[in-house]
Amino acid sequence: MFVDSRNIPTGHNVQCDICVIGAGAAGISFAREFIGKSVNVCLMESGGLQSDADTQYLCDGENTGLPYPPLVATRLRFFGGTTNHWAGYSRPYSNWDFQKRAWITDSGWPISRSELDPYYDRAIEMLGFPKEYWDLKFLEAKLGESRLPLTEFVTNVHLVKPVRMGQTFRAAIEKSDNVSTYLYANVINLEVDEFAKVITAVRIATLSGNHFSVSAKYFVLAAGGIENPRILLLSNSVQKEGLGNQKGLVGRYFTDRPEFLSGVISPSRKDLPLKIYGGTQHPVTIGQTQIVSLFFLSEESQRKRESVASCIRLVAKPVESHSESVWDKLSRHVNRVTDDLSHITTPQDQRINYVRQPIDHIEVHLGLEPVPNPESRVTLSNEVDRLGLRRVRVNWQLSELELKSARETMEILGAEVARANIGRLKSLLHSADNGWPETFKGVSHHLGTTRMADDPTRGVVDTNCKVHEISNLYIAGSSVFPAAGLGTTTLMIIALAIRLADHIKGSL
Amino acid sequence: MLGQISYKRRCLFKAALCLIPATIFSPAKLTNKNIRASDYLACQIAQVFSRPESAKVIGREYLRLWPEEADTDFLIPRIFSSHPDELLRYGEMKPLREMISAQILSDFERHHVLAVRGWIFSQTELRLCALAALV
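None of the values given here were measured: they were computed from a predicted structure.

Even after reading the chapter, I still don't get the interface of chain B and chain A, so can you show me in this structure?
Interfaces are often sized by the amount of accessible area the parts lose when they come together. Every contact between the two is made by 27 residues of chain B and, on the other side, 32 residues of chain A. Regarding the contact of chain B and chain A, the summed buried area is about 2,600 Å², with carbon and sulfur atoms giving 69% of it. When residues of chain B are sorted by the area they lose upon contact with chain A, B:His111, B:Trp119 and B:Ile120 head the list and together hold 29% of the total. Applying the counting criterion to the chain B and chain A interface returns one salt bridge. With a closest N to O distance of 2.3 Å, A:Arg424 and B:Glu125 form a salt bridge. Where chain B touches chain A, the interface holds five residue pairs in polar contact (both at pLDDT 80 or more). Residue assignment for the side of chain B that touches chain A shows that the elements contributing at least two residues are helix H3 (52-65), helix H6 (94-109), strand S1 (113-116), strand S2 (119-122) and helix H7 (123-134) of chain B. Looking at the side of chain B that touches chain A element by element, the count peaks at six residues for H3(B).

This is the structure:
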């Protein structure tokens, strides 16, 4: 059932068993688990079924850290949330992503990766991914091509299928008798008892001006990696520093994954087998699923260099897309010299003619695992939105380790592609003056702001995603990720939301 | 092709200038690596480049970054693990090419790479270019 909150009289109190704040990937995945059960769930969504500018503008905020896209554009505030513009890249996290690494402060998860196996299976089924396509050997046989022989990198397959969860699951949620979705319902405060230990109600306002409240046994905050800490910080009527924030950790450890154009490969030959990498002119798809594989720097290599995890996505550009700006004055000389030297290093009978058709160049996009950093954070700014609530201030920071790791990864890639006679790499990281290149950006995945930890002094939620300090408040979504890793975010959000649903089902 | 011929002539001329005083004043030292016969050797080695002007451009960039290496006497022993003059004695380029090839591959395998204006090269490649720039 869908309810237009603008028609609810001011002062009304809605009662339910579970109140979920936010109808994005986490909120919908969680609520969907209760369809047909004897539990009343209220799903509170700030927007409607389509995007509208006034609601979307509630997302705006300021940035004081690394270059970042406008906050108003990095997430979407209507039914389905940010999955409404999700690119659809999916790959489960690896064991490595969960491991504590001595050279990375605050790395690792307090739960094991294998504990998530059954929830990943359910998330994968929910999104309709053909699980076998993640198997590289299966894919090699299917596509008739082998991976490129880079010894320091592991080829990992990503499946790309942008499921718009608002559209895909709308009918099931709308038809449900026990899950009620309240549209245009903006949470303005979490009300607590006098000790700030129990949430008693959620205060809701619409842009039309009416106010009401929702009471429930359990509350699940599923509003995203920026809004989750914002709502906790704004809910300061009893606990002045904000709810769940006695240790000052709410909003800290904010991060995103850097992923940016970091180099260009001048390919050595026309027949590079890039199908597995999705790096051809047209996307490689099997059925409705697009295939894109990435090179991940091997665990051994990371351990040896004490670096963060990194990955490389290749994007081949055909001749038509050639622009002079890609190449510098040196590139003509580089091609000549490397042609000469590769003729020395490649035996005559194995030599492949240098024809730079149809691939003109291959873009190299570098992805990095960010180091958990308490100084990188989301706080409240002094500006207020249309509801009178303080907006967010985002200060994304990275450390020297990410930059060092990025440069090393490019050097290793440069050596590997030259050794394997794939081509020659120009690194933008080595052209920049000891800093990030102009192309630097994140992928707008907001992570870590209410991180999971066993120890309440090190995280906001426990391993069941319950806020340490509050008995009936849970958090779903990427804000609980204690370490960003290199797995994909949305699939993990869904797996964790399903896990949380199981946990709460067991508590009801 | 014309460029290559003229390059070889220039090399021979330079090498001859190097060798003349050595021949006049100390003929016994002709076989000693420490005399500027390394310039002659550098000329020979630089013949691996069919378009030496490009190697020179990259070599000059390398030497701008590492000016302390702007000496054929410094570069040659660092490019070759054994003695290239032995290999070149009978005018044979093939063993030299094999040695260069092995050295470049070894560099890539061990990630002995450096960046020149962002382009990733093996150290040996860059030192070969530097030799070309010096002769």
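Let's pick the thread back up.
What exactly am I supposed to notice about the pattern of salt bridges here?
When the charged atoms of two side chains lie near each other, side chains of opposite charge can form a pair. Residues and elements named next belong to chain A. In total, this model carries 28 salt bridges over all chains according to the counting rule given. Of the charged contacts in the structure, one is a salt bridge between lysine 505 and glutamate 33, with a shortest N-O distance of 3.4 Å. Of this pair, lysine 505 sits in helix H13 (residues 489-507) while glutamate 33 sits in the loop between helix H1 (25-32) and strand S4 (41-44); the two residues are 472 residues apart in sequence, bridging distant segments of the chain. The residue arginine 75 makes a salt bridge to glutamate 227 at a minimum N-O spacing of 3.2 Å. Of the two residues, arginine 75 sits in the loop between helix H3 (71-74) and strand S6 (89-90) while glutamate 227 sits in helix H9 (residues 227-234), which places them 152 residues apart along the sequence. For the pair arginine 75 and glutamate 227, one class covers both residues: buried. Here the salt bridges do not stand alone but share partners, grouping Arg75, Arg77, Glu227, Arg230 and Asp385 into one network.

Would you take a moment to explain the sheet that holds strand S18 (residues 377-384) of chain A for this structure?
Residues and elements named next belong to chain A. Read from one edge to the other, the open sheet built from three strands follows the order S5-S19-S18, with strand pairing classed as mixed. Two strands close off the open sheet at either side, each with one partner strand: strand S5 (61-63) and S18. Between one strand axis and the next, the sheet turns by 30° as a mean value, whatever way the strands run. Two strands pair when backbone bridges link them, and S18 and strand S19 (residues 390-395) are joined in this way by five bridges, in the antiparallel orientation. Bridging from a neighbouring strand, arginine 377 pairs with asparagine 395 of S19. Along the sheet face, H9 touches S18 and S19 and points at about 60° away from the line of S18.

Looking at this model, I keep getting lost on empty space enclosed by the protein. Mind explaining?
Think of a ball as big as a water molecule: rolled over the atoms, this probe shows where empty space is left. Residue and element names in this part refer to chain A. In the structure shown here, the tally under the stated rule is four cavities of 30 Å³ or more. Here the largest cavity is characterised by a volume of approximately 60 Å³. Lining the largest cavity we find Tyr253, Thr255, Pro370, Val371, Pro372, Leu447, Gly448, Phe481, Pro482, Ala483 and Ala484. Among the residues making up the lining of the largest cavity, the classes are represented as nine nonpolar, two polar and no charged.

When you look at the state of the cysteines in this model, what are you seeing that I'm missing?
A disulfide bridge is the covalent bond that connects two cysteines by way of their sulfur atoms. All names here are of chain A. Taken as a whole, this structure holds zero disulfides over all chains when the rule is applied. Free cysteine: cysteine 16, not disulfide-bonded; nearest cysteine sulfur from cysteine 42 at 3.4 Å. The exposure class of cysteine 16 is buried, given its relative accessible area of 11%. Left unpaired, cysteine 19 is separated from the closest cysteine sulfur, that of cysteine 16, by 5.2 Å.

What's the story with the side chain of B:Thr124 in this structure? I'm lost.
Residues and elements named next belong to chain B. Examined against the element boundaries, threonine 124 turns out to sit in helix H7. Relative accessible area serves as the criterion here: at 3%, threonine 124 is assigned to the buried category. When residues no more than four places from it in sequence are discounted, the contact partners of threonine 124 are Ile79, Gln103, Ile104 and Asp107.

Could you clarify how one ought to interpret the packing of H3(B) against H7(B) in this entry?
Residue and element names in this part refer to chain B. In contact at an axis separation of 7 Å, H3 and H7 are set at 105° when each is read in the N-to-C sense. The angle between the axes of H3 and H7 places the two elements in the roughly perpendicular class. For the pair H3 and H7, contact is made by Ala55, Lys56, Ile58, Gly59, Arg60, Tyr62 and Leu63 and by Gln123, Leu126, Arg127, Cys129, Ala130, Ala132, Ala133 and Leu134, respectively. Taken together, the residues of the contact of H3 with H7 break down into ten nonpolar, two polar and three charged.

I tried to follow the pairing of strand S16 (residues 310-318) of chain A on my own but got confused; where do I start?
Regular strands place side chains that alternate from one sheet face to the opposite one. Residues and elements named next belong to chain A. With respect to burial, S16 is a largely interior element, seven of its nine residues being buried. As paired elements, strand S15 (residues 289-297) and S16 share two bridges and run antiparallel to each other. Pairing of phenylalanine 296 across the sheet is with cysteine 311, part of S16. Relative to strand S17 (residues 359-368), S16 is paired through nine bridges, and the arrangement is antiparallel. Its bridge partner being in S17, cysteine 311 is matched across the sheet by glycine 367.

Parameters and conventions
Residues numbered from 1 in each chain as written. Chains lettered and ligands numbered in written order. Predicted model: local features only at pLDDT ≥ 70, side-chain atom pairs only at ≥ 80, totals over all residues. Heavy atoms only, no water. Contact = heavy atoms within 4.5 Å. Buried area = accessible area lost by both parts, 1.4 Å probe. Salt bridge = Lys/Arg side-chain N within 4 Å of Asp/Glu carboxyl O. Polar contact = N/O pair within 3.5 Å; in protein donor to acceptor, adjacent residues only side chain to side chain. Helix = DSSP H or I, 4+ residues; strand = E, 2+ residues; numbered from the N terminus. Buried < 20%, exposed > 50% of the residue type's maximum accessible area, 1.4 Å probe, protein only. Pairing = 2+ DSSP bridges. Axes fitted to C-alpha atoms, helices over the stretch in contact; angles between N-to-C directions. 1 Å grid on protein atoms, 1.4 Å probe; cavity = no way out; pocket = protein on both sides within 12 Å on 5 of 7 lines; lining within 4 Å. Points joined across faces, edges and corners; volume = space filled by probe spheres on them. Nonpolar A, V, L, I, M, F, W, Y, C, P; charged D, E, K, R; others polar. Disulfide = S-S within 2.5 Å. Parallel < 35°, antiparallel > 145°, perpendicular 65-115°, else oblique.

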